[in-house]
Each structure stands twice: as C-alpha cells, then as structure tokens.
Amino acid sequence: MIVALTGASGAAYGLRLIQRLATAGIFQHILLSDAARVVLKQESGLALPDTTSLTPALSEHLNISDELMRCYALDDWFSPAASGSAGIKKMVVIPCSMGTLARISSGASDNLIERAADVMLKERRQLILVPRETPLSTIHLENMLKLSRLGAHIIPAMPGFYHRPRTLDEIIDFLVNRVLDHLDFPNPEAQKWGG
Ligand SMILES: Cc1cc2nc3c(=O)[nH]c(=O)nc-3n(C[C@H](O)[C@H](O)[C@H](O)COP(=O)(O)O)c2cc1C
C-alpha cells in the first residue's frame, strides 16, 4: 500500500501509521511532500535527507526494517504508485493538507502523491484522506464532499476524548486506530465502542 505525508499539521499521525503497518508486516510505498518535510522538522525535530537516502533514514528513525518500506521522489513517474497496472490496492494520505486535498479533488496529478491518489480513484481502489485544518472554508468542505462522493474515505484528524487519553501517544493512536480499522487490517490494540 501507499502512505503519503503532506504538509498539514499532525506529522506524528503519519509516522505512527507507518510504524503500525510495518509492525503488521505490510510493505509500504512512502511519499513525502516538500511541505511534509518542513512540518516534520517543526513538529518532530526530524530533519530528513533527500529521497536517495530517505528509506534508511526513516526506517532507522521509526525502528522498522527498511525491507518493509521504500520512499520515492515526487517526480518518480516510473514508480509503482504512478500506475494502476502495478496493482497497489490502498492509499492513505496522512496528514492531508488542504492544498493536496484540492489538487486531488481536481485531478491535478502534478506530483506522485496527487497522481497516486488519482490512480486510486480511477481504479476504484481504497483512498483514505486524513485532512487537518481549522476552521474549514467552504472550498475545503466542497473538496471533501466531492472526494467522498467519488468513494474516498474522509477520516479527519479529529481525535475523540471519550476513551480518556492520558498521553499524546494515546491521542495519536486513537486516530491511527480508526484509519487501521478502515484499512481492514487486524487491529487488536484498538478500543472498540461497547467492547
Ligand atoms: C508547521 C506548519 C503547519 C501547517 N499546518 C497546516 C494544516 O494543518 N493544514 C493545512 O492544510 N496546511 C498546513 N500548512 C500549510 C501547508 O504546508 C502548505 O499549504 C503547503 O503548500 C502544502 O503542501 P503539500 O500539500 O504539497 O504538502 C502548514 C505549514 C506548516 C509549515
């Protein structure tokens, strides 16, 4: 599957999802926008190298095997994410900026994240978007409505508090668990309502 991080606040959600999927043995194609790198630096103090050495740097930071992930440059049009024929079935954009959301909803396909999302939509495969912004403008809401009608799952970065989180990690996991539920991966760690 594909995991893309863009320049909305909440880089930690993306990093946690990558970690959880790797722990489950899922191979991931990882895409990072330039703005995602800026946010990662700001929010996690994590300065990542360019794409050529990104895979080992990210896997080391997350303490996961580099055999379970591969990072691509955003103009790598020969990568599997760029074509429906590669057969990738699922994609998550987490966090998803309003800019990327708008460009996906317009079909811009101007970088590999937008192209990969466009492929998911045209192939009727699973696309999960985790948008983060507040307040939301009418443009943001219309873009989300359009993408929802096209079959994308909109899972906004809106953690609940009814499970009484005590740490930031628990708040992050709440949202990541919702994403994992929608991906249909076994997720015994998730607290179920009424469970
Ligand atoms: C620290 C920081 C936080 C940001 N938070 C958000 C946000 O929560 N939502 C959003 O849509 N954009 C946010 N932005 C702005 C985006 O990064 C900017 O619009 C960028 O062009 C998005 O590019 P991308 O979609 O290619 O990642 C933030 C930028 C920075 C530096």
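Note that this is a predicted model, so its numbers are computed, not measured.

Visitor: When you look at unusual backbone geometry in this model, what are you seeing that I'm missing?
Guide: Peptide bonds are, in most cases, trans, and in most cases residues other than glycine have a negative phi. The linkage connecting isoleucine 94 with the following residue, proline 95, adopts the cis geometry, with an omega of -5°. You can see proline 95 is positioned in strand 4 (residues 90-96). The omega torsion across threonine 134 and proline 135 is -10°, close enough to zero to call that bond cis. Note that proline 135 resides in the loop between strand 5 (126-131) and helix 6 (138-149). Residues other than glycine seldom take positive phi values, yet serine 109 does so here, at roughly 50°. As for its position among the elements, serine 109 is in the loop between helix 4 (98-106) and helix 5 (112-122). Of note, arginine 164 is a non-glycine position whose phi angle comes to about 55°, a positive value. By the secondary structure assignment, arginine 164 is in the loop between strand 6 (153-154) and helix 7 (168-183).

Visitor: What is the right way to read the nonpolar core from this model?
Guide: What tends to happen in soluble globular proteins is that the nonpolar side chains get buried as a cluster. Core analysis: the largest hydrophobic core is formed by 51 residues, its most contacted members being Leu31, Val93, Ile94, Ala116, Val130 and Val179. Among the elements that take part in this core, helix 1 (residues 11-23) stands out by supplying 8 residues, more than any other. Setting aside residues no more than four positions away along its own chain, valine 93 makes contact with Ala4, Thr6, Thr100, Ile113, Ala117, Leu129 and Val130.

Visitor: Quick question: what am I supposed to make of helix 1 here?
Guide: An α-helix turns once per 3.6 residues; consequently, residues spaced three or four apart project the same way. The terminal C-alpha atoms of helix 1, which comprises 13 residues, lie 19 Å apart, in line with the 18 Å expected from a rise of 1.5 Å per residue. Extensive coverage of helix 1 is indicated by the burial of 11 of its 13 residues. Those residues of helix 1 lying buried are Ala11, Ala12, Tyr13, Gly14, Leu15, Arg16, Leu17, Ile18, Arg20, Leu21 and Ala22.

Visitor: Even after reading the chapter, I still don't get the site of the ligand, so can you show me in this structure?
Guide: In the neighbourhood of the ligand, 16 residues make up the surrounding shell, with Thr6, Gly7, Ala8, Ser33 and Ala35 lying closest. For the shell around the ligand, the secondary structure elements donating two or more residues are helix 2 (34-44) and helix 4. The element best represented in the shell around the ligand is helix 2, accounting for 5 residues. Partitioned by chemical class, the residues of the shell around the ligand number 6 nonpolar, 8 polar and 2 charged.

Visitor: How do you make sense of helix 2 when you look at a structure like this?
Guide: Buried residues of helix 2: Ala36, Val39 and Leu40, and no others. The buried residues of helix 2 all sit within an arc of 105° when viewed along its axis, so they share a single face. Away from its buried face by more than 90 degrees, helix 2 exposes Asp34, Val38 and Gln42. Where the residues of helix 2 are buried, they touch strand 1 (2-5), helix 1 and strand 2 (28-32). In the segment just after helix 2, glycine 45 is the residue with positive phi, at about 70°.

Visitor: So what exactly am I meant to see when it comes to the sheet that holds strand 2 here?
Guide: Hydrogen bonds between backbone groups are what pair the strands of a sheet, and the pairing can be parallel or antiparallel. Within the open sheet, the 6 strands sit side by side as 3-2-1-4-5-6. Their pairing is parallel. Both edges of this open sheet fall to strand 3 (69-72) and strand 6, since each of them pairs with a single strand only. Relative to strand 5, strand 4 is paired through 5 bridges, and the arrangement is parallel. Counted as the bridge partner of cysteine 96 is proline 131 from strand 5. Strands strand 2 and strand 3 of the sheet are contacted by helix 3 (residues 54-62), whose axis makes an angle of about 130° with strand 3.

Visitor: Would you explain the packing of helix 1 against helix 7 in this entry?
Guide: Helix packing geometry: the angle between the two helix axes and the distance between the axes. Contact geometry of helix 1 with helix 7 gives a least axis separation of 9 Å together with a crossing angle of 55°. Taken together, helix 1 and helix 7 sit at an angle that is classed as oblique. The two elements helix 1 and helix 7 cross, and the hand of that crossing is right-handed. Along its contact with helix 1, which presents Ala12, Tyr13, Arg16, Leu17 and Arg20, the element helix 7 presents Ile172, Asp173, Leu175, Val176, Val179 and Leu180. Of the residues that constitute the contact of helix 1 with helix 7, the class distribution is 8 nonpolar, no polar and 3 charged.

Each value, and the rule that gives it
- Residues numbered from 1 in each chain as written.
- Predicted model: local features only at pLDDT ≥ 70, side-chain atom pairs only at ≥ 80, totals over all residues.
- Helix = DSSP H or I, 4+ residues; strand = E, 2+ residues; numbered from the N terminus.
- Core = buried A, V, L, I, M, F, W, Y, C linked by C-beta atoms within 7 Å.
- Buried ≥ 20, exposed ≤ 12 C-beta atoms within 10 Å, placed from the backbone.
- Contact = placed C-beta atoms within 7 Å.
- Expected span 1.5 Å × (residues − 1).
- Near = placed C-beta within 6 Å.
- Nonpolar A, V, L, I, M, F, W, Y, C, P; charged D, E, K, R; others polar.
- Arc of directions from axis to C-beta.
- Pairing = 2+ DSSP bridges.
- Axes fitted to C-alpha atoms, helices over the stretch in contact; angles between N-to-C directions.
- Parallel < 35°, antiparallel > 145°, perpendicular 65-115°, else oblique.
- Left-handed = near helix turned anticlockwise from the far one by under 90°.

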